[in-house]
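What follows is the residue order along each chain.
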Amino acid sequence: MSILKVEQLVCGYHPKYPVIKGLSFSVEDGQFVGVVGPNGSGKTTLLRALIGMVTRSQGSIYVSQYRLENLDRRDLARRIALVPQLMEPVEGFSVEELIMLGRTPYFDRLKFDDKRDRAAVRWAIRELKLQDLKDRPVAELSGGEFQRVAIARALAQQPKVMLLDEPTSHLDIRYQVRICKLLRKLRSRRSIIATFHDLNLASRYCSRLILLKDGELVAAGSPENVVTPENIWKAYRLKVTVRSNPRTRKAKYVLLP
Amino acid sequence: MNKKLNKRQAWLAFLVLMLGLIAVFILSLFFGSVSIAPEKLWQSEIVWQIRLPRVILAGLIGLLLSLSGVILQGVLRNPLADPYILGISAGGAVGAALAISMGGGIVVLGMSSVPIAAFIFSLLAVFIVYKLAKVGGRTAPETLILAGVALSAFCSAILALIIIVSGNLQTIYFWLLGSLAWASWGNVITVAPYALIGAGIVYFYSKELNALLLGEEMAATLGIDVEQVRLILIVVASVMTAAAVSVAGLIGFVGLIVPHWVRLLIGPNHRLLIPIASLSGMLLMILADTLARTMLAPLEIPIGIIMSLIGAPFFLYLLRRRRAPGK
């Protein structure tokens, strides 16, 4: 059963100017979906719509079997977590304290971090190998370290779907690969939807790609079916040739001179 | 910058503050413009009828203003927010000035009209600011702060006009400086419920205030109804501040420095921040009021002057510490 289903979605920040113009797709459990497309194609807006932050004018979104609008905020927060493009490091918080904020949807008025919450935080710290950093002030971390903390915070929410807005865009190439490998590993018991600018990176690590242009679907499917010269021409107006990596058999575009 | 305290140390700090508060509370009863022999302290009418309610009132006002500061800095996500940022001081000043110039002696339901007018006008000011800042069904923190600044400017003009027309400069000016000289058991009983209930509600919302540390959008993804929480907490902070302003006038800096100091000490977790800021606010206010009563005795210095004299340099010190490079 699909964990997330989007049907004929039309949404945007102003009813007259929709950013997403009639998009349908579904995400299965355990998929790592990369959303790619040029700037302004609606990648971020799509992620925000999936978590109910953008008003829909048409279409529907299903999370598990529920319609998005029928889930209350806390139920939604226990099912979908967002890692924003730039999260603010909270001054004065340690890594562990920041990750504990991810447990907010499980807190009650006067019941805070109980045994289960602490176990979830410990687990998220282990998954992202943050044990050595857990007592460090978040304000002192490097960009790559902080991105891992941001992902751990979302993971502590124990969501079924994790959304990440350009998780690799501020990182060096070593960290880009590290984060992608991590996400690929994490998808096993949840699905992951992430936007990417780097098509090759997305094609190498994602199990599925969704290519957008101007809020419409150009192509969706496995990376080798999406990353083709025709699709890239349609989306970016760039002439490329596509080669397959001999070892991974993943599609990879190369700019033509 | 030294490392902030861990959780156990923070609760220890809570205990130390609690003991400090009790000590300061008792000691402050000994000081005043009339010297009373320690052994006669408990029989003295002055202690029971004047000093005790005054010290309690000082503590309550310290709590009200510090917690309002904690709330507003949290929901407006602005470290410079203080209890007066949304126009409370300006509204309260206009209300008090109106009541004073119409003859402060008017008594409504057994209370002087000055605190009642100050209370009502404070809340009216926040209401106007909130309405002005509401654009398209939502209120952005920046718009709220700017609307507060605009309304405050407007109110100062009205205040100046009232002073000139009524010729009551001295009385109004003294009210503006803030003082606990009018403290009475009646005041204590009026203000205490605001402090106790307010503190309870704020503590109830510590989860929301913590989530807001990540920003409004992230708080929303954590299941928080940001707009609703902001409205509730602004109302709570405003009523708490208005209660303080109505009996003590405008006392600055408590709501600004106490939250900052406590955050530096124990970090921004509101579950610890709220109780420790409450105690610190009470402690600071009782100390400042004792100074106000005794420094130039028998002349009494308005506590607002003391707070600004201590508060402004201390605030600068905190800022410099925050910026200091190091571990």
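What you see as residue numbers is a count from 1 along each chain, following the sequence as written. Whichever chain is written first becomes A and whichever ligand is written first becomes 1, with later ones labelled in order. Per-residue local features are limited, in this predicted model, to residues with pLDDT of at least 70; the limit for side-chain atom pairs, both in listing and counting, is 80 or more; totals at the level of whole chains, interfaces and linings are taken over all residues. In computing side-chain properties, one takes all heavy atoms of the structure into account and sets aside hydrogens as well as water.

Engineer: In this structure, what is going on with the overall build of chain A? I would like to understand it.
Structural biologist: Looking only at helices and strands, chain A has nine helices and 12 strands in total. With the radius of gyration taken over C-alpha atoms, the globule rule is written as 2.2 Å times the number of residues to the power 0.38. Since a compact globule built from 257 residues should have a radius of gyration of about 18 Å, the 19 Å found for chain A is in line with a globular shape. Principal axes of the C-alpha set define a box for chain A whose edges measure 55 × 40 × 30 Å. Here chain A, with 257 residues, has 52% of them falling under the buried criterion. Here the analysis covers contacts within chain A between residues at least 6 apart in sequence; of these, 65% occur between residues at least 24 apart. By the criteria applied, helices consist of DSSP H or I runs no shorter than four residues and strands consist of E runs no shorter than two, each listed in order from the N terminus. Only protein chains enter the accessibility calculation, which uses a 1.4 Å probe. A residue is then buried if its area is under 20% of the maximum for its type, exposed if over 50%, and partly exposed in between. In this description, contact between two residues means that some pair of their heavy atoms is separated by no more than 4.5 Å.

Engineer: What should I look at first to understand the overall build of chain B in this one?
Structural biologist: On a plain count of helices and strands, chain B comes out with 13 helices and four strands. The C-alpha extent of chain B, read off along each of the three principal axes, is 60 × 50 × 35 Å. A separation of at least 24 residues holds for 75% of the contacts in chain B among residues at least 6 apart in sequence. Here chain B displays about 14300 Å² of accessible surface, and carbon together with sulfur accounts for 73% of that area. Computed over 21 positive and 11 negative side-chain charges, the separation of the two mean positions in chain B equals 10 Å. Each accessible area is a Shrake-Rupley estimate made with a 1.4 Å probe; only the visible protein chains count as cover when residues are assessed. None of His or the chain ends enter the tally, which takes Lys and Arg as positive and Asp and Glu as negative. Every charge is mapped onto a representative atom, which is NZ of Lys, CZ of Arg, CG of Asp or CD of Glu.

Engineer: I'm lost on the packing of helix α4 (residues 113-133) of chain B against helix α10 (residues 226-248) of chain B in this one. Help?
Structural biologist: When two helices pack together, their arrangement is given by the angle between their axes and by how far apart the axes lie. Residue and element names in this part refer to chain B. Put simply, α4 and α10 touch, their axes get as near as 8 Å, and they point 155° apart. With respect to α10, the element α4 is oriented roughly antiparallel. Relative to α10, the crossing made by α4 is right-handed. Across the interface between the two elements, Pro115, Ala118, Phe119, Ser122, Leu123, Val126 and Tyr130 from α4 touch Glu227, Leu231, Ile234, Ser238, Val239, Ala242, Ala243, Val245 and Ser246 from α10. Taken together, the residues that form the contact of α4 with α10 break down as 12 nonpolar, three polar and one charged. Inter-axis angles, ranging from 0 to 180 degrees, are taken between N-to-C directions of lines fitted to C-alpha atoms, where helices are fitted over the stretch in contact. What sets the label is the angle itself: under 35 degrees gives roughly parallel, over 145 gives roughly antiparallel, 65 to 115 gives roughly perpendicular, and the rest give oblique. Here is the rule for handedness: rotate from the far helix to the near one, and if that takes an anticlockwise turn smaller than a right angle the crossing is left-handed, while a clockwise turn gives right-handed. Each residue gets one label: Ala, Val, Leu, Ile, Met, Phe, Trp, Tyr, Cys and Pro are nonpolar, Asp, Glu, Lys and Arg are charged, and the others, such as Gly, are polar.

Engineer: Sorry if this is basic, but what is going on with the confidence of the model for chain B here?
Structural biologist: Do not read the fine detail of predicted coordinates wherever pLDDT is low. Residue and element names in this part refer to chain B. When pLDDT is averaged along chain B, the result is 86; 94% of the residues meet or exceed 70. The least confident element of chain B is strand β1 (residues 107-108), whose mean pLDDT is 58; the most confident is helix α8 (residues 206-212), at 94. Scoring of the predicted complex yields 0.89 for pTM and 0.89 for ipTM. pLDDT measures how confident the predictor is about each residue, on a scale from 0 to 100.

Engineer: For this particular structure, what's the right way to read the interface of chain A and chain B?
Structural biologist: It is common to report an interface's size as the accessible area lost on association of the parts. Listed as interface residues are 29 residues of chain A and, on the opposing side, 27 residues of chain B. Buried area, as used here, totals the accessible surface that two parts lose on assembly, with accessibility defined by a 1.4 Å probe and the loss added over both. Summing the contributions of chain A and of chain B, the shared interface buries around 2500 Å²; its carbon and sulfur component is 60%. By the criterion of area lost to chain B, the three top residues of chain A are Arg73(A), Arg109(A) and Phe112(A), representing 26% of everything that side buries. Any N or O atom pair separated by 3.5 Å or less is treated as a polar contact, with the protein-specific requirement of one donor-capable and one acceptor-capable atom, and with residues adjacent in sequence counted only for side-chain atom pairs. Summed over the shared surface of chain A and chain B, the result is five residue pairs in polar contact (both at pLDDT 80 or more). Among the elements that make up the side of chain A that touches chain B, the one with the highest residue count is helix α2 (residues 73-79) of chain A (three residues).

Engineer: Is there a simple way to think about a positive patch on the surface in this case?
Structural biologist: Patch membership requires over 30% relative accessible area and the absence of a salt bridge. Like charges are linked within 9 Å, and nonpolar side chains (Val, Leu, Ile, Met, Phe, Trp, Tyr) within 5 Å. Here, a salt bridge means any Lys or Arg side-chain nitrogen found within 4 Å of an Asp or Glu carboxyl oxygen. Taken together, the side chains of Lys115(A), Arg118(A), Arg122(A) and Arg126(A) present a region of like positive charge at the surface. Note that Lys115(A) resides in helix α4 (residues 115-127).

Engineer: Even after reading the chapter, I still don't get the sheet that holds strand β2 (residues 20-28) of chain A, so can you show me in this structure?
Structural biologist: By way of backbone hydrogen bonds, the strands of a sheet pair with one another, either parallel or antiparallel. All names here are of chain A. Reading across from one edge, β2-β1-β4-β5 is the order of the four strands in this open sheet, with antiparallel pairing throughout. The outermost strands of the open sheet, each flanked by one partner alone, are β2 and β5 (66-67). At least two DSSP bridges between two strands are required for those strands to pair. Sheet topology note: the strand β1 (residues 2-11)/strand β4 (residues 56-63) ladder contains six bridges and is antiparallel. Across the sheet, the residue bridging to Val6 is Ile61, located in β4.

Engineer: For this particular structure, what's the right way to read the pattern of salt bridges?
Structural biologist: Once the charged atoms of two side chains with opposite charge are near each other, the side chains can pair. For the coordinates displayed, the defined rule picks out 16 salt bridges over all chains. Between Lys5(A) and Glu7(A) there is a salt bridge, with the nearest N and O atoms lying 3.6 Å from each other. According to the relative accessible area criterion, Lys5(A) is partly exposed, its value standing at 34%. We note a salt bridge from Asp225(B) to Arg73(A), for which the minimum N-O separation is 3.5 Å. Placement of Asp225(B) in the loop between α9 (216-221) and α10 and of Arg73(A) in helix α2 is noted, with the two residues assigned to different chains. The exposure class assigned to Asp225(B) is partly exposed, which follows from its relative accessible area of 24%.

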